[in-house]
Amino acid sequence: MSELNGDARIDEAVCIDTKRIYDSCESKDCCEDLRVTFNDSAQAVIDKAEIIKTRDCDISAVSIDVDEVPFNRGYYSVDINFYFRLRFDTYSSPGCMPQTAIGYANFQKKCILYGSEGNVKLFTSTAGTRRGNCPEAPKYTNPTAKVQAVDPVVLDTQVVEVCHCRRHCCTNFPDSILENFANSRFPQNPEKAVLVTLGLFSIIQLSRDVQLMIPAIDFCIPERECACSTQSPCESFRNIDFPVNEFFPPDNDVIGNGALPDTAE
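Residues numbered from 1 in each chain as written. Predicted model: local features only at pLDDT ≥ 70, side-chain atom pairs only at ≥ 80, totals over all residues. Heavy atoms only, no water.

Colleague: Mind showing me how you'd approach the nonpolar core here?
Modeller: What tends to happen in soluble globular proteins is that the nonpolar side chains get buried as a cluster. Ranked by internal contacts, the top residues of the largest apolar core, which has 29 residues, are Phe84 and Leu86. Among the elements of the structure, β3 (12-35), α1 (40-48), β4 (51-68), β5 (75-91), β6 (99-114) and β11 (192-216) are those that each provide at least two residues to this core. A total of seven residues in this core trace back to one element, the largest contributor, which is β5. Beyond its immediate sequence surroundings of up to four residues, Phe84 is in contact with Leu34, Cys57, Asp58, Ile59, Ser60, Gly103, Tyr104, Ala105, Phe107, Pro152, Leu198 and Leu200. (Core = buried A, V, L, I, M, F, W, Y, C linked by side-chain atoms within 4.5 Å. Buried < 20%, exposed > 50% of the residue type's maximum accessible area, 1.4 Å probe, protein only. Helix = DSSP H or I, 4+ residues; strand = E, 2+ residues; numbered from the N terminus. Contact = heavy atoms within 4.5 Å.)

So, in structure tokens, the structure goes:
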């Protein structure tokens, strides 16, 4: 046994089944002039609007497909399709109360990463294998792609006439998004098209199931008890610190950006 950090000691070496990242990359994409797709009721609001502003945007779904790259053993093409949900504030005239319109846009990207090689078939026992008389199909050991992304930054919003828009509406959405169109339909003859430009940051990884030998110290035993408060809601609320920063945002130098630049000539 050898010491670790002075006090803890390594008791033994254990074999674990985990995922090893073979390759990864970071991506900074400017998704320019994405056509937003609305249902028929939201499109009617867009067609009547004189002013349209993007309120927010979030990633609603992501589809990932991994394929081998021909003549490059161990390399794989990762095809990613991001689906964005956008909310717009629309104004039929200046000074009036805005109406909200929700639409969806998609952005496709591809990258090539190293994922090593493996030809064995992986079978796992899951609840699904016990249902019915047919066993679950084998899973081939293609590497697994993982995408991490933050909600995009809206850089620009444009409203154009449909006849001037070269980008067509996307109607090939995953089921989680099509559920929002269940009681409506896609517009047949829209008058206006909304184009958005988004800034997207993401990390793409390729990993495989592997067995690794690692040093073990001890089991992960919790060192504190669960907080089971029996206080009344008001007593619990009184124990919460007042959120000063929500009312008084920190200065520039506190955030870490330094002092304001000197713009005087």
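Colleague: Looking at this structure, I do not really get the sheet that holds β6. What am I missing?
Modeller: Neighbouring strands of a sheet are bound in pairs by backbone hydrogen bonds; such pairs are parallel or else antiparallel. What the three strands build is an open sheet, ordered β4-β5-β6; its pairing is antiparallel. The open sheet has two edge strands, β4 and β6, and neither has a second partner. The sheet shows a mean angle of 15 degrees between the axes of neighbouring strands, taken without regard to direction. Where α1 meets the sheet, it contacts β4, β5 and β6, and its direction lies at approximately 110 degrees from that of β6. (Pairing = 2+ DSSP bridges. Axes fitted to C-alpha atoms, helices over the stretch in contact; angles between N-to-C directions.)

Colleague: Even after reading the chapter, I still don't get the side chain of Arg208, so can you show me in this structure?
Modeller: Relative to the assigned elements, Arg208 resides in strand β11. The side chain of Arg208 sits in the buried core without any salt bridge; Glu68 is the nearest counter-charge, 6.9 Å away. A polar side-chain atom of Arg208 sits 2.9 Å from a polar atom in the side chain of Tyr76. (Lys, Arg positive; Asp, Glu negative; His and termini not counted. Salt bridge = Lys/Arg side-chain N within 4 Å of Asp/Glu carboxyl O. Polar contact = N/O pair within 3.5 Å; in protein donor to acceptor, adjacent residues only side chain to side chain.)

Colleague: What exactly am I supposed to notice about the pattern of salt bridges here?
Modeller: Between side chains of opposite charge, pairing is possible as soon as their charged atoms come close. A full pass over the atoms with the stated rule returns seven salt bridges. Measuring nitrogen to oxygen at the nearest pair gives 2.5 Å for the salt bridge that ties Asp56 to Arg87. In this pair, Asp56 is assigned in strand β4 and Arg87 in strand β5, connecting sequence segments 31 residues apart. When its relative accessible area of 25% is taken as the criterion, Asp56 is described as partly exposed. In this structure, Asp58 and Arg85 form a salt bridge, with 3.8 Å as the shortest nitrogen-oxygen distance. Of this pair, Asp58 sits in strand β4 while Arg85 sits in strand β5, placing them 27 residues apart in sequence.

Colleague: I keep staring at unusual backbone geometry and nothing clicks. Help me out?
Modeller: Backbone geometry follows two general trends: most residues other than glycine have a negative phi, and most peptide bonds adopt the trans configuration. Of note, Phe71 is a non-glycine position whose phi angle comes to about 65 degrees, a positive value. Take Phe71: it is sitting in the loop between β4 and β5. On the accessibility criterion, Phe71 (86% relative accessible area) is exposed.

Colleague: Just to check I follow, could you spell out the state of the cysteines for this structure?
Modeller: The term disulfide refers to a covalent linkage connecting the sulfur atoms of a pair of cysteines. The full count for this structure, using the stated rule, is zero disulfides. With no disulfide partner, Cys25 has as its closest neighbouring cysteine sulfur the one in Cys111, 4.3 Å distant. You can see Cys30 has no disulfide; the closest cysteine sulfur is in Cys31, sitting 6.9 Å from it. (Disulfide = S-S within 2.5 Å.)

Colleague: Sorry, what's going on with the environment of Ser176 here?
Modeller: With respect to the secondary-structure elements, Ser176 resides in helix α2 (residues 175-178). Take Ser176: its relative accessible area is 43%, and that puts it in the partly exposed class. Each C-alpha atom, one on Ser176 and one on Ala61, is 7.7 Å from the other, the two residues being 115 residues apart in sequence.

Colleague: Could you clarify how one ought to interpret the packing of aromatic side chains in this entry?
Modeller: The geometry of two aromatic rings is summed up by the distance between their centres and the angle between their planes. A full pass over the atoms with the stated rule returns five aromatic pairs. Ring geometry for Tyr75 versus Tyr114: centroids 5.3 Å apart, planes at 65 degrees, classification edge-to-face. Taken together, the residues span a long stretch of sequence, with Tyr75 in strand β5 and Tyr114 in strand β6 at a distance of 39 residues. Every member of this aromatic cluster is reached through a ring pair, and the members are Tyr83, Tyr104 and Phe173. The ring centre of Tyr22 lies 4.6 Å from the NZ or CZ of Arg20, which sits over that ring. (Phe/Tyr/Trp six-rings, centres within 6.5 Å; stacked < 30°, edge-to-face > 60°. Lys NZ or Arg CZ within 6 Å of the ring centre and 35° of its normal.)

Colleague: How should I be thinking about the confidence of the model for the protein in this particular structure?
Modeller: Counting all residues, the mean pLDDT for the protein is 81, and 77% of those residues have values of 70 or more. Mean pLDDT across the secondary structure elements of the protein bottoms out at strand β1 (residues 3-4), with 50, and peaks at β5, with 94. (pLDDT = per-residue confidence, 0-100.)

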